[in-house]
Amino acid sequence: MIRVVFLAQLREQLKTEEVLIQAAGIDSIALLKQYLILQNPEWEKFLCNSKLLVAINHAYAKGDAAIRPGDEVAFFPPVTGG
């Protein structure tokens, strides 16, 4: 099982905080995004945003990063500060 968490504004846009995904065959961030969009087509415009950030187990990751069962994947918009 992979725990997928949506943070900040993304959580409001998708109207969900987290989903649990059976991990069979989903072994990368790219495949996870494809799976999520197939299940929720209205999420495409948010999950395909080139500025969207991702973390695996609380560490920043790239879109082609590998994931494994038991991982937590978080998607979130760019963080700004000042």
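Above this text you will find the structure in question.
Residue numbers here run from 1 along each chain, matching the order of that chain's written sequence. Predicted model: local features are reported for residues with pLDDT of at least 70 only, side-chain atom pairs are reported and counted for 80 or more only, and whole-chain, interface and lining totals are derived from all residues. Only hydrogens and water are set aside when side-chain values are computed; all heavy atoms of the structure are taken into account.

(A) Inspection of the pattern of salt bridges at higher detail. One side-chain nitrogen of Lys or Arg within 4 Å of one carboxyl oxygen of Asp or Glu is enough to make a salt bridge. Inspection of every chain in the model, using the stated rule, returns three salt bridges. Ionic pairing is found between Glu72 and Arg3, a salt bridge with its closest N-O pair at 2.4 Å. Remark: Arg3 occurs in strand E1 (residues 2-6) and Glu72 occurs in strand E5 (residues 72-76); sequence separation between them is 69 residues. For every residue, the accessible area (1.4 Å probe, protein chains only) is compared with the maximum for its type, and the residue is labelled buried under 20%, exposed over 50%, or partly exposed between those bounds. Since its relative accessible area comes to 16%, Glu72 is described here as buried. You can call Arg3 partly exposed: its relative accessible area is 33%. Overlapping salt bridges, with partners in common, bring together Arg3, Glu18 and Glu72 in one network. Each helix is a run of DSSP H or I of at least 4 residues and each strand a run of E of at least 2, with the numbering of both proceeding from the N terminus.

(B) A look at the packing of aromatic side chains. What counts as a ring pair is set by centres within 6.5 Å for rings of Phe, Tyr and Trp (its six-membered ring), and what kind of pair is set by the plane angle: stacked under 30 degrees, edge-to-face over 60, tilted for all other angles. Counted by the stated rule, this structure contains three aromatic pairs. Summarising the aromatic geometry, the rings of Phe6 and Trp43 are spaced 5.3 Å apart at their centres and angled 75 degrees between planes, so their arrangement reads as edge-to-face. Of this pair, Phe6 sits in strand E1 while Trp43 sits in the loop between helix H2 (29-39) and helix H3 (44-47), and the two are 37 residues apart along the sequence. For the residue pair Phe6 and Trp43, the accessibility class agrees, reading buried in each case. With a centroid separation of 5.8 Å and 50 degrees between ring planes, the pair formed by Tyr60 and Phe76 is classed as tilted. One end of the pair, Tyr60, is in strand E4 (residues 59-61); the other, Phe76, is in strand E5, and 16 residues separate them in sequence. Ring-pair connections join several aromatic residues into one group, and the members of that group are Phe6, Trp43 and Phe75.

Note that all results are geometric; they support no functional claim without further evidence.
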